[in-house]
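Commentary on secondary and tertiary structure
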Amino acid sequence: MNTNNATSTSLKYCLLVGIALMSAGLIFSEYDFGDRIMWAGLILLLGSPFVGVIVTCVHLMKEKDRKWVNVSIVLIAVIIAGIILSVIR
Amino acid sequence: MVILALISVGLLAGTMGTLFGVGGGILLIPILTIVFGLQANEAVAVSLVGIIAASTGAASHYVRINLSNVRLGLLLEITTSIGAMMGAAFAMYMENWIILLIFGLVLIYSAVSMIIRKEKIIEQPDDVSDMCFSYTDNKDYKTKRYEVRNVKGGLLACTAAGIMSSMAGVGGGTIKVPLMNIYMHVPMKVASATSSYMMGITAFSGAVVYFVHGGLLLDYASAIAVGAFIGSIAGTRLSRVLNSEPMRKYFSILLLIISVIIFLRMGGIL
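For every chain, the first residue of its written sequence is number 1, and the numbers climb from 1 along that sequence. As they are written, the chains are lettered A onward and the ligands numbered 1 onward, keeping that order. With pLDDT at 70 or above as the cut-off, local features in this predicted model cover only qualifying residues; side-chain atom pairs require 80 or more to be listed or tallied, and sums for whole chains, interfaces and linings still use all residues. The basis for every side-chain value is the complete set of heavy atoms in the structure, and neither hydrogens nor water enter the calculation.

So, the overall build of chain B
- A tally of regular secondary structure across chain B gives ten helices and two strands.
- The helix and strand sequence of chain B, counted from the amino end, reads α-α-α-α-α-β-β-α-α-α-α-α.
- Counting only residues that meet the buried cut, chain B has 58% of its 270 residues in that class.
- Taking the contacts inside chain B whose residues are at least 6 apart along the sequence as the reference set, 80% of them involve residues at least 24 apart. Only DSSP runs of H or I with at least four residues qualify as helices, and only runs of E with at least two residues qualify as strands; both kinds are numbered from the N terminus onward. Accessibility here uses a 1.4 Å probe with only protein chains present; expressed as a share of the type maximum, an area under 20% marks a residue as buried, one over 50% as exposed, and anything in between as partly exposed. Here, residues are in contact when the closest pair of their heavy atoms is within 4.5 Å.

Below you can see the structure in the form of structure tokens.
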């Protein structure tokens, strides 16, 4: 599996499971467990782009594509720093 | 009934966003605040979830068929994210109307440039460069090569796009797509697809903050996300039948409409 396929697959499955859970949560929103299902779906959905970046980084490492590995590591660091700064603020 | 209406709004924003590589926030935020009566910060939070659903749905398809340039997206996203952080800090010290005015003018300039200038693609790239890429056009299934130029300038411009989008509270796709196409010579379809991939990463950082602080309306966000996801599927299907040149024209029209919305917002009408 190349980098593009791996990234695409990780994005697709995180998203599909997230959307399925959110849809189920909407259907069962009258019940107590509806909200919990929606939260689970939301966490998966929100995390999917970041999971995609991590999977890309891992695959680039496997391909020994040093330049782009460095780029993806810097991006991961910037994203984490951004989140920490925003949460603190 | 409200849930069905929200799904429809998500569907519209998802289709438009996927087709043109913009987030759809510029559509979602006014609709959520005006029609559904949400507070601005609630609308932004719900819109970010919708953007993630639409852009990730589109990106999973575009990345698989090699239309999104993942490497270029990762690179440009670094400075976009840094710009977004800077923008969040600047926003505290600058008047909102000044930000919106600059943003509106940039959009008009981009739209006019895309209408006037012909698409310039380096089709016979220098193979030594590590910025040479190829993609398969999903209309005629031919593999086309291109070389990304002006990378340093593009990175700087993406910082400005990040600052602007963070300050104006909209996605950076409206700036990044013309930037990649006009300045960096990335083909229009690749620019839109790469922007879709980047959009999810940008929105993720913003959405996490709302998630942590508990500012998300769960049922609204879920309904918009479901609609935006379906819209992203429709958008990717539509992009198969569209040529690059008309897409540039449609995108320019979209930019002009968005700039009008921005000026209306500036005038307090929206």
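Read on for the rest.
Details of the packing of aromatic side chains
- Note on aromatic contacts: the rings of Phe and Tyr and the six-membered ring of Trp form a pair at centre separations within 6.5 Å, being stacked when their planes are under 30 degrees apart, edge-to-face when over 60 apart, and tilted otherwise. As enumerated under the stated definition, the model contains six aromatic pairs over all chains in all.
- Aromatic ring contacts, followed pair by pair, group F28(A), Y31(A) and F33(A) into a single cluster.

Details of the confidence of the model for chain B
Residue and element names in this part refer to chain B.
- Note: pLDDT gives the predictor's confidence per residue, expressed from 0 to 100. On average, residues of chain B score 82 in pLDDT, and 90% of them reach the 70 mark or higher.
- Looking at the elements of chain B, mean pLDDT is at its lowest for helix α5 (residues 96-116), recorded as 75, and at its highest for helix α9 (residues 218-241), recorded as 89.
- Model confidence for the complex: the whole-complex pTM is 0.85, and ipTM, which rates the interface, is 0.92.

So, the interface of chain B and chain A
- Each partner contributes to the interface: chain B provides 47 residues, whereas chain A provides 42 residues.
- Defined here as a combined quantity, buried area equals the accessible surface (1.4 Å probe) lost by two parts on assembly, summed across both. The largest share of the area that chain B buries against chain A comes from R71(B), F204(B) and L218(B), three residues that together contribute 18% of it.
- In the sections that follow, a salt bridge refers to a side-chain nitrogen of Lys or Arg positioned within 4 Å of a carboxyl oxygen of Asp or Glu. At the surface where chain B touches chain A, the tally comes to two salt bridges.
- A salt bridge links R71(B) to E63(A); the nearest nitrogen and oxygen atoms lie 3.4 Å apart.
- Polar contact is defined as a pair of N or O atoms within 3.5 Å, subject to the rule that within protein one atom must be able to donate a hydrogen and the other to accept it, and that residues adjacent in sequence are counted only when both atoms are side-chain atoms. In this structure, the connection of chain B to chain A is made through five residue pairs in polar contact (both at pLDDT 80 or more).
- The class makeup of the residues in the side of chain B that touches chain A is 32 nonpolar, ten polar and five charged. Residue classes follow a fixed rule: Ala, Val, Leu, Ile, Met, Phe, Trp, Tyr, Cys and Pro count as nonpolar, while Asp, Glu, Lys and Arg count as charged, and any other residue, Gly among them, counts as polar.

Structural notes on the nonpolar core
- Counting residues in hydrophobic clusters, the biggest one holds 104 residues, and the most contacted among them are L45(A), L32(B), V49(B), V148(B) and V186(B).
- The biggest single contributor to this core is helix α3 (residues 40-64) of chain B, with 13 residues. Put simply, a nonpolar core is a bunch of buried Ala, Val, Leu, Ile, Met, Phe, Trp, Tyr and Cys residues held in one set by side-chain atoms that sit within 4.5 Å of each other.

Comments concerning the pairing of strand β1 (residues 132-136) of chain B
Residue and element names in this part refer to chain B.
- What you see with β1 is a clean split: F133 and Y135 sit on the buried side and C132, S134 and T136 on the side with no burial.
- The pairing criterion for strands is at least two bridges between them, as found by DSSP. Two elements, β1 and strand β2 (residues 143-147), share five bridges in a ladder whose sense is antiparallel. Note that in β2 the partner of S134 across the bridge is R145.

Quick word on a nonpolar patch on the surface
- A cluster of nonpolar side chains, contributed by I27(A), F28(A), Y31(A) and F33(A), occupies part of the molecular surface with about 430 Å² of accessible area.
- The class for F33(A) is partly exposed, based on a relative accessible area of 37%. Here, patches come from residues exposed beyond 30% relative accessible area and free of salt bridges, joined within 9 Å for like charges and within 5 Å for nonpolar side chains (Val, Leu, Ile, Met, Phe, Trp, Tyr). Working definition of accessibility: Shrake-Rupley area with a 1.4 Å probe, residue cover restricted to the visible protein chains.

Observations regarding unusual backbone geometry
- For K64(A), which is not glycine, the phi torsion reads 55° and is therefore positive.
- With respect to the helices, strands and loops of the structure, K64(A) is situated in the loop between α2 (32-62) and α3 (66-88).
- A positive phi is found at N150(B), a non-glycine position, where the angle reads about 55°.
- When you line up the elements, N150(B) lands in the loop between β2 and α6 (151-168).
- Its relative accessible area of 35% is what places N150(B) among the partly exposed residues.

So, the confidence of the model for chain A
- Per-residue pLDDT for chain A has a mean of 91; in total, 100% of the residues score no lower than 70.
- Highest mean pLDDT in chain A belongs to helix α1 (residues 3-27) of chain A (94); lowest belongs to α3(A) (90).

Quick word on helix α8 (residues 188-213) of chain B
All names here are of chain B.
- Along its 26 residues, α8 runs 38 Å from first to last C-alpha, staying within 8% of the 38 Å computed at 1.5 Å per residue.
- Of all 26 residues making up α8, 20 are buried, and the element is well covered by its neighbours.
- Phi for G214, located one or two positions after α8, is positive at around 75°. Expected helix span is taken as 1.5 Å per residue step, with the number of steps being one fewer than the number of residues.

Quick notes on the side chain of H61(B)
- Among the secondary structure elements, H61(B) is positioned in helix α3.
- Discounting residues that sit within four places of it in the chain, H61(B) has contacts with T236(B) and R240(B).

Some thoughts on the pattern of salt bridges
- Summed over all chains, the structure comprises three salt bridges over all chains.
- A salt bridge links D65(A) to R71(B), with the shortest nitrogen-to-oxygen separation between them at 3.1 Å. Here the residue D65(A) occupies a position in the loop between α2 and α3, and R71(B) occupies one in helix α4 (residues 70-90), the pair thus bridging two chains.
- Taken together, the shared-partner salt bridges in this structure form one network comprising E63(A), D65(A) and R71(B).

A few points about the packing of α3(A) against α8(B)
- Angular values range over 0 to 180 degrees, each being the angle between N-to-C directions of two axes fitted as lines to C-alpha atoms, with helices fitted over their stretch in contact. Between α3(A) and α8(B), the shortest axis-to-axis distance is 10 Å and the interhelical angle comes to 30°. As far as their axial angle goes, α8(B) and α3(A) are roughly parallel. Every pair of crossing elements has a handedness; the one defined by α3(A) and α8(B) is right-handed. Mapping the contact onto sequence places I79(A), I83(A), S86(A) and V87(A) in α3(A) and I201(B), F204(B), S205(B), V208(B), V209(B), V212(B) and H213(B) in α8(B). Working definition: roughly parallel below 35 degrees, roughly antiparallel above 145 degrees, roughly perpendicular at 65 to 115 degrees, and oblique for all remaining angles. Each crossing gets its hand from how the near helix is turned against the far one by less than a right angle, where anticlockwise is left-handed and clockwise is right-handed.

Some remarks on the packing of helix α1 (residues 2-20) of chain B against α9(B)
All names here are of chain B.
- At a closest axis distance of 6 Å, the pairing of α1 and α9 adopts a crossing angle of 40°. The chirality of how α1 crosses α9 is right-handed.
- Residue classes in the contact of α1 with α9 are distributed as 14 nonpolar, ten polar and one charged.

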